[in-house]
Amino acid sequence: MLILGLETSCDETGVALYDTERGLLAHALFSQVDIHVEYGGVVPELASRDHIRKALPLLREVLAEAGCQASDIDAIAYTAGPGLIGALMVGATLARSLAWAWGIPALGVHHMEGHLLAPMLEDERPAFPFIALLVSGGHTQLVRVDGIGQYRMLGESLDDAAGEAFDKAAKMLGLPYPGGPHIARLAESGDPHRFTFPRPMVNRPGLDFSFSGLKTHTLTTVAACREESGLTEQDKCDIARAFEEAVVGTLVIKCRRALEQEGLSTLVMAGGVSANRNLRAQLHKALGKVGARVYYPAPQFCTDNGAMIAYAGACRLAAGERDGEAPQVRARWPMQELPALAGAA
Ligand code: KG4
Ligand code: ZN
């Protein structure tokens, strides 16, 4: 079964072709970063308009790369939420129009389920059950995963998502959006001993997160450095390092706690922040000590992409799922509302 995947939930247009027998055949991505950079964040209307411009050229590109014709496609999976409503509508309208014209089924996919299943695109795939750490621009969640659609929320952020915290800290340091990769780059030259930032909520039981205190601490430190020395490049690197260490430290502690609580030894990490090299290294180290293993997608499939939507859609389409008569795109959509995959235990 050949599935076309379309991702348009935010500021990346992602298109991919996934074959249930042969795997991922082709994928293409257009990032709108340059369009939004002057505004310091994603402008929804500009995002929607650019998805309209890019989706079809990217579709032609993946068809050519895979050596396929449109008539080879058996079904279309598109992101139906959560995300920016206008951006989602572009993908949904395109997917459903093509499906109608080609006489094939379409299915709306949950963006975070796409992220969660992205590690399945790798050669070494995690086996169920596992704990998933979903860390993106909009979500920070720890989920127990017993199968596709069998999700139990163990903890989540009570305020900012981890990626959002990276983006805000970056803004305070005068770095462009999205800030995560910029903070990570500066942190490499930062002194890990100069500042110690608080690790929020680690001393409290439970698996929820909170990053707003860390944000305030970052702001205060930036202001103090600016007063003292005018915020030098080294100050920025040291602050970035302390900030990253605090986020990574918090995530690692909570992941270990979740594995222990559920008696599991497999962690799957996905979403934009899972591209962070320091986070990957520290999770490997900490989980290795307790005989647990961490899986994550290749860097290009950590951030938003069409391949993860094609894959998640392929699993559900292959099990017989289809859009209903009146499919909806949803800005908010708790992942626990998803049905278990038909035929799953
Ligand atoms: O999953 P994603 O592409 O989009 C959402 O669904 O939100 O995640 C984007 C987020 C941004 O906040 C970005 O700053 C962060 O992921 N990010 C990183 C890194 N690369 C992307 N954060 C920390 N370190 C990175 N290397
Ligand atoms: Zn995402």
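Residues numbered from 1 in each chain as written. Chains lettered and ligands numbered in written order. Predicted model: local features only at pLDDT ≥ 70, side-chain atom pairs only at ≥ 80, totals over all residues. Heavy atoms only, no water.

## Structural notes on the coordination of the zinc ion (ligand 2)
Thinking step 1. Protein coordination at the zinc ion (ligand 2) comes from His111 (NE2), His115 (NE2) and Asp304 (OD), with a distance range of 2.0 to 2.1 Å.
Thinking step 2. Here the donor residues of the zinc ion (ligand 2) are spaced in sequence according to H-x3-H-x188-D. Of this pair, His115 sits in helix H4 (residues 111–117) while Asp304 sits in the loop between strand S10 (293–295) and helix H10 (306–318), and the two are 189 residues apart along the sequence.
Thinking step 3. A residue is classified by how much of its surface remains accessible, and His115, at 1% relative accessible area, is buried. (Donors = N, O, S within 2.8 Å, 3.2 Å for Na, K, Ca; no water. Helix = DSSP H or I, 4+ residues; strand = E, 2+ residues; numbered from the N terminus. Buried < 20%, exposed > 50% of the residue type's maximum accessible area, 1.4 Å probe, protein only.)

## Notes on the environment of Ala26
Thinking step 1. Note that Ala26 resides in strand S3 (residues 23–31).
Thinking step 2. The class of Ala26 is buried, set by a relative accessible area of 1%.
Thinking step 3. Not counting the four nearest positions on each side in its chain, Ala26 is found in contact with Val15, Ala16, Leu17, Val62, Glu65 and Ala66. (Contact = heavy atoms within 4.5 Å.)

## Considerations on the site of ligand 1
Thinking step 1. Surveying the vicinity of ligand 1 reveals 19 residues, the closest of which are Gly137, Asp167, Gly180, Gly272 and Asp304.
Thinking step 2. The side chain of His115 places a nitrogen or oxygen atom 3.1 Å from an oxygen atom of ligand 1.
Thinking step 3. Here Asn276 contributes a side-chain N or O atom positioned 3.0 Å from a nitrogen atom of ligand 1.
Thinking step 4. Its free accessible area being 560 Å², ligand 1 has 88% of it covered by the protein chains.
Thinking step 5. At the level of secondary structure, the elements contributing two or more residues to the shell around ligand 1 comprise H4, helix H5 (162–172) and helix H6 (180–187).
Thinking step 6. Per-element tally for the shell around ligand 1: the top contributor is H5, with three residues. (Near = heavy atom within 4 Å. Polar contact = N/O pair within 3.5 Å; in protein donor to acceptor, adjacent residues only side chain to side chain. Areas by Shrake-Rupley, 256 points an atom, 1.4 Å probe, with all protein chains shown as cover.)

## As for the side chain of Asp19
Thinking step 1. Topologically, Asp19 is positioned in strand S2 (residues 12–19).
Thinking step 2. A polar side-chain atom of Asp19 sits 2.9 Å from the main-chain amide nitrogen of Arg22.
Thinking step 3. Once residues lying within four places of it in the same chain are set aside, the contact partners of Asp19 are Met1, Leu2 and Leu25.

## Here's the deal with the packing of aromatic side chains
Thinking step 1. By the definition in use, this model includes five aromatic pairs.
Thinking step 2. Both rings, one in Phe166 and one in Phe243, keep their centres 5.2 Å apart while their planes meet at 85°; by these two values the pair is edge-to-face. Residue Phe166 is located in helix H5, and its partner Phe243 is located in helix H8 (residues 233–262); the two are separated by 77 residues in the primary sequence.
Thinking step 3. Among the residues examined, Phe166 registers a relative accessible area of 2% and is labelled buried.
Thinking step 4. Across the ring face of Phe30, the terminal group of Lys54 is positioned such that the distance to the ring centre comes to 4.0 Å.
Thinking step 5. A cation over a ring is seen here: Lys254 above Phe209, with NZ or CZ 5.7 Å from the ring centre. (Phe/Tyr/Trp six-rings, centres within 6.5 Å; stacked < 30°, edge-to-face > 60°. Lys NZ or Arg CZ within 6 Å of the ring centre and 35° of its normal.)

## Regarding the pattern of salt bridges
Thinking step 1. Taken as a whole, this structure holds 19 salt bridges when the rule is applied.
Thinking step 2. In this structure, Asp160 engages Lys168 in a salt bridge whose closest nitrogen and oxygen atoms are separated by 3.2 Å.
Thinking step 3. Among the residues examined, Lys168 registers a relative accessible area of 28% and is labelled partly exposed.
Thinking step 4. The salt bridge partner of Arg194 is Asp235, with a shortest N-O separation of 2.9 Å. Of this pair, Arg194 sits in the loop between H6 and helix H7 (212–229) while Asp235 is found in helix H8, placing the two residues 41 residues apart along the sequence.
Thinking step 5. On the accessibility criterion, Arg194 (35% relative accessible area) is partly exposed. (Salt bridge = Lys/Arg side-chain N within 4 Å of Asp/Glu carboxyl O.)

## With respect to the sheet that holds strand S8 (residues 150–156)
Thinking step 1. With mixed pairing, the five strands of this open sheet are ordered in space as S8-S7-S6-S9-S10. Two strands in the sheet have a free side with no partner beyond their single neighbour: S8 and S10. Within the sheet, the average angular offset between the axes of one strand and its neighbour, ignoring direction, is 25°.
Thinking step 2. Bridge count between strand S7 (residues 140–147) and S8: six bridges; the pairing is antiparallel. Across the sheet, the residue bridging to Arg144 is Arg152, located in S8.
Thinking step 3. Across the sheet, H8 is in contact with strand S6 (130–135), S7, S8 and strand S9 (266–270); its angle to S6 comes to roughly 155°. (Pairing = 2+ DSSP bridges. Axes fitted to C-alpha atoms, helices over the stretch in contact; angles between N-to-C directions.)

Honestly, it's all geometry; don't read function into it.
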